[in-house]
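# Chain and residue survey
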Amino acid sequence: HRYRKFAVIALYFNTWLAAFLTGVVVLAAGVASFAGILPTVRDLEHGHLEAISARLLSAPVWILSFLFVRQVLGCFGLLGPTVFLDKVCIPQTDPSAMKECVKRLAAFISHSSTVVIIYTDVYLKRLWTVYELAAAFTMHTPDRIVVIPTIMPIVMVFGMISIYIGDVMLIVMSHLAWYSYI
């Protein structure tokens, strides 16, 4: 569950930055390809040059950015948003300390600009997470509450990988098919 929760946090905080960085890298690779720095291939069906490096870099850059961009930026002193993670900030092994922290949970929620709920199959089975959800809906408008199931980033990443593999296979097969006719 720990990795799934990390992936949800990455999904919420890194997706747009990963998309931006991927766009910059793909644009730079395209420019470098047409400047003769990186290789190009001829589209066999239409006859125009194609910046193959840009296509091949897109998914790996997005996935690496999605997973690690905040850590890399943190190495340069560029910190991301402040986050209160209830599971980390509320003691899980000391019942009396946990009770005191749960009492103050509403204060954290009221001062939050957005409440991101990492939804798992046990989320609604714990009293303090139900309390957290009720407090969030009491103090915030629905547009400031984001519920993300832990399966969502897995679907996104595997979807991206599947499309990438399909694209690479299409490139290879189209060139193999073309050369088999020659």
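Cut-offs used in this document
Residues numbered from 1 in each chain as written. Predicted model: local features only at pLDDT ≥ 70, side-chain atom pairs only at ≥ 80, totals over all residues. Heavy atoms only, no water. Helix = DSSP H or I, 4+ residues; strand = E, 2+ residues; numbered from the N terminus. Rg over C-alpha atoms; globule rule 2.2 N^0.38 Å. Contact = heavy atoms within 4.5 Å. Phe/Tyr/Trp six-rings, centres within 6.5 Å; stacked < 30°, edge-to-face > 60°. Buried < 20%, exposed > 50% of the residue type's maximum accessible area, 1.4 Å probe, protein only. Expected span 1.5 Å × (residues − 1). Arc of directions from axis to C-beta. Salt bridge = Lys/Arg side-chain N within 4 Å of Asp/Glu carboxyl O. Pairing = 2+ DSSP bridges. Right-handed = clockwise from strand over helix to strand, strands pointing away. Polar contact = N/O pair within 3.5 Å; in protein donor to acceptor, adjacent residues only side chain to side chain. Patch = residues over 30% accessible without salt bridge, like charges linked within 9 Å, V, L, I, M, F, W, Y side chains within 5 Å. Areas by Shrake-Rupley, 256 points an atom, 1.4 Å probe, with all protein chains shown as cover.

## Regarding the overall build of the chain
Along its length, the chain carries seven helices and four strands. The N-to-C order of helical and strand elements in the chain reads α-β-β-α-α-α-α-β-α-β-α. Here the chain has a C-alpha radius of gyration of 23 Å; the compact-globule value for 182 residues is 16 Å, and the former is much larger. C-alpha atoms of the chain, sized along the principal axes, occupy 75 × 35 × 30 Å. Within the chain, residue pairs in contact and separated by at least 24 positions form 71% of the contacts whose partners lie at least 6 positions apart.

## Overview of the packing of aromatic side chains
Under the counting rule described, the total for this entry stands at three aromatic pairs. Aromatic pair Y12 and F13: ring centres 4.9 Å apart, planes at 90 degrees, arrangement edge-to-face. Its relative accessible area of 29% is what places Y12 among the partly exposed residues.

## Description of helix α6 (residues 127-139)
Its 13 residues place the ends of α6 18 Å apart at the C-alpha level, agreeing with the 18 Å of an ideal helix rising 1.5 Å per residue. Among all positions of α6, only W128, T129, E132, L133, A135 and A136 are buried. End-on, the buried residues of α6 take up no more than an arc of 165 degrees, which puts them together on one face. Exposed side chains of α6 directed beyond 90 degrees from the buried face belong to L127 and T138. Against α3 (86-89), α4 (95-103), α5 (105-110), β3 (115-119) and β4 (145-149) lie the buried residues of α6.

## Here's the deal with the pattern of salt bridges
Counting across every chain of the model gives four salt bridges. One salt bridge connects D167 with R55, and the closest N-O pair in it is separated by 2.2 Å. One end of the pair, D167, is in helix α7 (residues 151-181); the other, R55, is in helix α2 (residues 52-75), with 112 residues separating them in the sequence. Each of the salt bridges in this network shares a partner with another, and the network as a whole consists of E50, R55 and D167.

## Here's the deal with the pairing of β3
Bridge count for β3 against β4 is five bridges, and the pairing is parallel. Across the sheet, the residue bridging to Y119 is P149, located in β4. Viewed along the sheet, the connection from β3 through α6 into β4 turns out right-handed.

## Quick word on the side chain of S33
Its place among the elements puts S33 in helix α1 (residues 2-34). Its relative accessible area of 4% is what places S33 among the buried residues. In this structure the side chain of S33 is engaged in a polar contact, spanning 2.8 Å, whose partner is the backbone oxygen of A29.

## Description of a nonpolar patch on the surface
Taken together, the side chains of L64, F68, V72, F76 and L78 present a nonpolar region at the surface, about 540 Å² in accessible area. Looking at V72, the relative accessible area reads 44%, which means it is partly exposed.

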